[in-house]
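# Overview (structure and organization)
Chain residues, written in single-letter form:
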Amino acid sequence: MSQNLNRALHELFAADERAWLLGEDVVDPYGGAFKVTQGLSTAHPGRVLSTPLSENGITGVAGGLALCGDTVIVEIMFGDFVGLAFDQILNFLTKSVAMYGEHTPMRVVIRCPVGGGRGYGPTHSQSVQKHFIGIPHLALFELSPLHDAADVLAAALRRGEPSMLFEDKILYTQRRYVDNRVDDRLAFELLGADRNWARVFDPTAATPPTLVIAPGGVANRAIAAASEAWEQGRNVEVLVPARLYPFDVDGVLDLLDGADGVIVAEESTAGGTWGSEAATRLYAAAWPLLRRPIELVSSAASIIPSAPHLERAVLLNADTILERIMHRSTGESAPAPSTGSPLTRLRQARAAEPGVAVSVPRLNNNDDSYVLLEWLVPADATVEIGQPIAAVETSKAIEELAATHAGVLRQDLAAGADCVPGSTIGYILSANAFPAAAPPVAEPAVVTQPALPGRPLPPAQRRIADVVATSHREIPVAFTAVRVDVTAALAYARRATDETGAEVSLTEVVIAAVATLHEQFPALYAQLTGDGRVIDAAQPSVGLTVDVGTGLFLPVIRDAAKLDLGDLADTVVELRMKALRNRLREDDMAGMNFLVALNNTPGVIYAQPIIPPGVTCALSVPDVHREVVLDVGGEVRERMMADLGLAYDHRLVNGAQAGEYLAALSAALQR
C-alpha cells in the first residue's frame, strides 16, 4: 500500500509541474515517517519541502499556493495532529472556494495517517474522520486495499475543492488486492461512475447477503468477519467506499434491494460519526429498500492504550463485526417488502430490531474472564437508562453494569456463568419488539414455595463478606495493641499542612511511618504463597480502607516511602474521590503489601482489623482521644492518645516481632 501511494505521488508530480508537497521530514533520505514520500524530493527538488513543526502553518501555506492555482499535497505526520490545522481547513481552505464572488479552485489534498494497531498510544492512533464531516466544500477520502491510490488522488483533485485523504497506518505494509480477487472464494468489483465503491462478494452465493460497509483499514477486518460468517452459513458482502463524504448513495442503491441487513463499521468512537452520516443518507434515499434498521459498530469510547492487549480490547476488530453479523443475519431469504402506511412499516422494522447489546466492558488488566454474578432485574423487565441491571465479579471487585438505553431486558447468559470482556450477555429491546399479550390460558395449579424472608445482601457488601470469610478461613490471625501518644504526630501534621498546602492528617503521618519501617521489618510486608514460600516486598505499597457508604474499598499507595507528606495527602484525597465517584479500578487496588485500616469513627478507641488475603499485617488506627496526665514535675498536662492495633498472620510474624514493630512505630510517631 505504501509503495502504491508513493508511485501515485510520483505520477502526479511528473504530470503536474505546479504540484507541491509540504510536510514534516518529507525530504530524502527520511522520506516521511512512513516512507510514503521517499524519492520524491530527489526526483523533484524544490517542490517537496520539509516544514517546521506547525500543522496550522503548513496548511496555511498550502492554501496560499492553491489560491495561486497550484496543486498542493500536505502530509500530516500523524492524523491526530490535524486538529491543529482545523482553523485553516474550516475558515480558509474550504471558504476560499466560494467567498470571493466566483468559484475558486482549491486543489489541496491533506494526507492523514490514522488508526491504531501499531502500539503508538493515545495521541498517535486515533481515527479522526468524523470531526471533518459536514464542512461545505470539503471532501473526505480514505485509502483501502481495494482501490488504486492514483485513482483516489485523481478523484480528489478533480473536484477542485480541498480534500482530506485518510490512510490507515496498518495498511502501509499490507498488500493490495488486484485482478478482482480477494482470495480463492471472494471476488471484488469497483462500482459507480468514478469507481468509488468496491464490492467484495462470493460469486457462488445464493442467499440474500448482509451488507457490511467498511472503509479503509476496517475493510480487511470486515472481510475476515465475512469469511468466518461464510463458514457458519451466512452470506456477507463488504462494501468499501473511497470517498467517505459526501456519501455516495447512488453507488450502492442496487445492492440494498433484497439485502438482509446493513452494518456500518468504522474504527472511530461512537457519536457524531461517519457511520451515522452514512446511515442517515441511506435512510433518506433508500428507506423502502431496507428490511431493518442499519446497525453501527465502532471502537470503545476510550483513549487508545499503548499496550497491545489493551489496544486490541479498545479498537474495533473482526470478532466484533462477526458477532454483529451473526446476531443480525438470519441466513434465510429476506422477507418480502412490507406494505401499508409508513407508520406500519416503521413499526414492523422496530419489531424486527434486536435491540441494544448489553456488553461486558474490560474492568481490569489482570482477568481474562469474569463471572456474571447476578441479574439485578428479572428477565423481560422494563429498565430505564442508568438503572443497574447486572453485577459482574472480577478477581478483586464487583462492578454493576447499568442500562445504556430504556427498554425490555432480554437475558442471554445465566447468572453464575463466565463472561469475557467485550462479550454480549443480553439485549435491551424496544417495547415494540414484543407482540401483544395473548389471552391467558388456564394452567394447572402449581404449588409454589413461600418467599424466603429478609432481603438479599447487596453485591458490594457480599464482596466484603467473601473477603472476611476467606480471611477467617485461611489466615491464623493474632492481634497486639499499644497505646501511643500522638500529640507530636498531630503537631507534625499541622506543620506539614502549613508547609505543603495539602491537608495532612494523622492518617498520612501513620502511613509515612509504616512505609519507613519496611526495611527494618521486611517480614511484616511479605507475602506467603500457597506452597509455603515467602515473597519479600521490594517497596512498601500501603493499602488504605476507604468507606464512602457504598462499600469498603482498599486502594493502594504504591512506593509510599518515596512520597513526602504533601504528596501522600494528595494521593489519599485522590483515591477517596475516586471511590466516592465510583471510579476506582483494579489497578488502584492492586499490589498491596500492608494495610492501614481506619477505624476512626468518633468514639472508637479500639478495633481489630481484618487481614485481606495476600497481606501479612493490618494496622488499625482508631479515633484519637484526650488524656490528662501528670508530668515528671507534677504538672497537669493534656495529651492525645490512640490505641494502635496490629493484626498479623501468625505463620509469618510472631508476637515478639509484632511488639517490636509497634514499639518502633510508636517511637516514630512521638519524634
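Residues numbered from 1 in each chain as written. Predicted model: local features only at pLDDT ≥ 70, side-chain atom pairs only at ≥ 80, totals over all residues. Heavy atoms only, no water.

### Some words on the packing of aromatic side chains
Scanning all chains against the criterion turns up 13 aromatic pairs. An angle of 80 degrees between the planes, with centres 5.6 Å apart, marks the rings of Trp197 and Phe247 as edge-to-face. With Trp197 in strand 8 (residues 197–201) and Phe247 in the loop between strand 11 (243–245) and helix 7 (253–256), this pair connects stretches of sequence that are 50 residues apart. Neither residue differs from the other here; Trp197 and Phe247 are each classed as buried. The rings of Phe34, Phe78, Phe81, Tyr120 and Tyr172 are connected pair by pair, giving a single aromatic cluster. One cation-aromatic arrangement involves Arg199 over Phe201; the distance from NZ or CZ to the ring centre is 3.9 Å. (Phe/Tyr/Trp six-rings, centres within 6.5 Å; stacked < 30°, edge-to-face > 60°. Helix = DSSP H or I, 4+ residues; strand = E, 2+ residues; numbered from the N terminus. Buried < 20%, exposed > 50% of the residue type's maximum accessible area, 1.4 Å probe, protein only. Lys NZ or Arg CZ within 6 Å of the ring centre and 35° of its normal.)

### Some thoughts on the pairing of strand 9 (residues 210–213)
The alternating pattern of strand 9 places Thr210 and Val212 and Leu211 and Ile213 on opposite faces, both of which are buried. Bridge analysis of strand 9 against strand 10 (residues 236–241) gives four bridges, and the strand direction is parallel. Following the sheet pairing, Leu211 is matched in strand 10 by Glu237. Note that the unit made of strand 9, helix 6 (residues 218–231) and strand 10 has a crossover that is right-handed. Sheet topology note: the strand 9/strand 12 (residues 261–269) ladder contains four bridges and is parallel. Looking across to strand 12, one finds that Leu211 is bridged to Val262. (Pairing = 2+ DSSP bridges. Right-handed = clockwise from strand over helix to strand, strands pointing away.)

### Topic: the environment of Arg158
Tracing the chain through its elements places Arg158 in helix 5 (residues 149–158). By relative accessible area, which is 60% here, Arg158 ends up exposed. Put simply, Arg158 and Arg221 are 63 residues apart on the chain and 30 Å apart in space, counted from C-alpha to C-alpha.

By themselves, these observations are geometric and do not establish any function.
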